[in-house]
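Analysis of the macromolecular model
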Amino acid sequence: MSRGGGKGLSLKDKLDGNELDLSLCDLNEVPVRELAALPKATILDLSCNKLISLPSDFCSLMHLVKLDLSKNQLQQLPLDFGRLVNLQHLDLLSNRLVTLPVSFAQLKNLKWLDLKNNPLDPVLAKVAGDCLDEKQCKQAAVKVLQHMKAIQSEQDRQRQRKLQAEREMEKKREAEQRAKEAQEREVRKREKAEEKERRRREYDAQKAAKQEMEKKTKKETVHTRKPASSSRPAQAPRHKPSWSRSVLRVLLFVLFCILCTLAACKLTELQRQPLCVSVNTLYEDVVAALQNHKTLQNLLQHNSQQ
């Protein structure tokens, strides 16, 4: 194992029972793969090296019970450092740590802790206190675990509150979306109803205009036919003769018969018949009577002059 890379010399040569001492090796990185191949090495000493950080896969070394990282240059621990659940003894003396990861609260088996000579956050430094003897270091482990559990609980509550707020916000957004969709549906429904009403009014207007046009056309047709209908009364007697016309026709027929009889009695050989003699005598008497009547004479003269 070289000083810089941590490889070369086999780690098995440094293994003493269950303790593996890698202190004072000028290591700037941790040989995690080789350490994982030695599950018997439950005590690991990495003190007095040049470690600035620990790789994330370092937390896979769950077999570790005692870990010494003192006198390095560690600025922070991996976020999942709490996976080292079997860890009981942890020495972080003289590093550059300011805070601890929240997962530190999961180190339920931790019994001993040293955080001296680190630029810790004032609250964390006060909680950790001094680690000048065994009792103080054990108290530091208990108090820091309680502090980190409180921080973890508070973060869990904040996370829960955040999730609750997000859920409420999501519900609010969903409610607003539903309200918006309902409003849009109502607007579309109202627009559809208005469009339907507009089409109905247009239909009624067109129907009324058509009816008005039909009435106007009908009136014009009636006015156009009136002259023909006005001439019908003159022709009506042809179809419906009045009683005076009937009487006139009868009189004309009787007159025609008399004239025919008279002509027959005057011009034919029937004039010697008794009937014709009577007719001729009656005719001559009538003519003589008419000639003696002055009014008829004047009328006859007037008609003759015309």
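Before reading on, note that the structure itself is shown above.
Treat the numbers as computed from the prediction; the structure is a model and nothing was measured.

A few words now on the overall build of the protein chain. Along the protein chain, the regular secondary structure elements total 7 helices and 6 strands. Counting helices and strands in the order they occur from the N terminus, the protein chain gives β-β-α-β-β-β-β-α-α-α-α-α-α. In the protein chain, which comprises 306 residues, the proportion classed as buried is 24%. By sequence separation, contacts in the protein chain at least 24 residues apart represent 34% of the contacts at least 6 residues apart.

Its place among the elements puts Asn118 in the loop between β6 (112-114) and α2 (122-128). Non-local contacts of Asn118, meaning those with residues more than four positions away in its chain, are made with Leu92, Leu93, Ser94, Asn95, Arg96 and Leu97. Among the polar contacts listed, one links the side chain of Asn118 to the backbone oxygen of Leu92, at a separation of 2.8 Å. A distance of 3.1 Å separates a polar atom in the side chain of Asn118 from the backbone oxygen of Lys116.

Time to look at the state of the cysteines. The final tally for this structure, using the stated rule, is 1 disulfide. Bridging Cys131 to Cys137, the disulfide has an S-S length of 1.4 Å. Taking the sign of the S-S torsion, about 100 degrees here, the bridge from Cys131 to Cys137 comes out right-handed. As far as burial versus exposure is concerned, Cys131 and Cys137 are alike and both buried.

For the rest of this paragraph, the subject is the sheet that holds strand β2 (residues 19-21). Taking strand neighbours across the sheet as the criterion, the 6 strands line up as β1-β2-β3-β4-β5-β6 in an open arrangement whose pairing is mixed. The outermost strands of the open sheet, each flanked by one partner alone, are β1 (15-16) and β6. Relative to strand β3 (residues 43-45), β2 runs parallel, the two sharing 3 bridges. Across the sheet, the residue bridging to Glu19 is Ile43, located in β3.

What follows concerns the environment of Met148. Assignment of secondary structure puts Met148 in helix α3 (residues 134-230). A C-alpha to C-alpha distance of 9.1 Å links Met148 and Leu124, two positions 24 residues apart in sequence. Setting aside residues no more than four positions away along its own chain, Met148 makes contact with Leu100, Pro101, Val102, Phe104 and Ala105.

On to the packing of aromatic side chains, then. Enumeration according to the criterion identifies 1 aromatic pair in this entry. Residues Phe81 and Phe104 carry aromatic rings whose centres are separated by 6.2 Å and whose planes lie at 5 degrees to one another, so their mutual orientation is stacked. Remark: Phe104 occurs in the loop between β5 (89-91) and β6 and Phe81 occurs in the loop between β4 (66-68) and β5; sequence separation between them is 23 residues. We classify Phe81 as buried; its relative accessible area is 0%.

Side chains of Leu248, Val250, Leu252, Phe253, Val254, Leu255, Ile258 and Leu259 sit close together on the surface and give an oily, nonpolar patch of about 750 Å² of accessible area. In this fold, Leu252 is placed in helix α5 (residues 243-267).

By the definition in use, this model includes 1 cavity of 30 Å³ or more. There is about 40 Å³ of room inside the largest cavity. Leu20, Leu35, Leu38, Ala41, Leu44, Leu61, His63 and Leu64 are the residues that line the largest cavity. A class-by-class count of the residues in the lining of the largest cavity yields 7 nonpolar, 1 polar and no charged.

Below, the discussion takes up the pattern of salt bridges. Counted under the stated rule, the structure contains 12 salt bridges. Among the ionic pairs, Arg83 bridges to Asp80, the shortest N-O distance being 3.4 Å. What makes Arg83 partly exposed here is its relative accessible area of 35%. Through salt bridges with shared partners, a single ionic network connects Glu195, Arg198, Arg199 and Glu202.

A few words on the side chain of Asp45. Within the secondary structure, Asp45 sits in strand β3. Summary of buried charges: Asp45 has no salt-bridge partner, and the nearest side chain of opposite charge, Lys66, is 8.2 Å away. Beyond its immediate stretch of four places on either side in the chain, Asp45 contacts Leu20, Asp21, Leu22, Ser23 and Asp68.

So, about the nonpolar core. Core analysis: the largest hydrophobic core is formed by 41 residues, its most contacted members being Phe58, Phe81, Leu100 and Phe104. Within the residue set of this core, elements represented by two or more residues are α1 (32-36), α2 and α3. No other element matches α3, which puts 4 residues into this core. Aside from chain neighbours lying at most four places away, what touches Leu100 is Leu77, Leu92, Leu115, Leu124, Val144 and Met148.

Conventions used here
Residues numbered from 1 in each chain as written. Predicted model: local features only at pLDDT ≥ 70, side-chain atom pairs only at ≥ 80, totals over all residues. Heavy atoms only, no water. Helix = DSSP H or I, 4+ residues; strand = E, 2+ residues; numbered from the N terminus. Buried < 20%, exposed > 50% of the residue type's maximum accessible area, 1.4 Å probe, protein only. Contact = heavy atoms within 4.5 Å. Polar contact = N/O pair within 3.5 Å; in protein donor to acceptor, adjacent residues only side chain to side chain. Disulfide = S-S within 2.5 Å. Pairing = 2+ DSSP bridges. Phe/Tyr/Trp six-rings, centres within 6.5 Å; stacked < 30°, edge-to-face > 60°. Patch = residues over 30% accessible without salt bridge, like charges linked within 9 Å, V, L, I, M, F, W, Y side chains within 5 Å. Areas by Shrake-Rupley, 256 points an atom, 1.4 Å probe, with all protein chains shown as cover. Salt bridge = Lys/Arg side-chain N within 4 Å of Asp/Glu carboxyl O. 1 Å grid on protein atoms, 1.4 Å probe; cavity = no way out; pocket = protein on both sides within 12 Å on 5 of 7 lines; lining within 4 Å. Points joined across faces, edges and corners; volume = space filled by probe spheres on them. Nonpolar A, V, L, I, M, F, W, Y, C, P; charged D, E, K, R; others polar. Lys, Arg positive; Asp, Glu negative; His and termini not counted. Core = buried A, V, L, I, M, F, W, Y, C linked by side-chain atoms within 4.5 Å.

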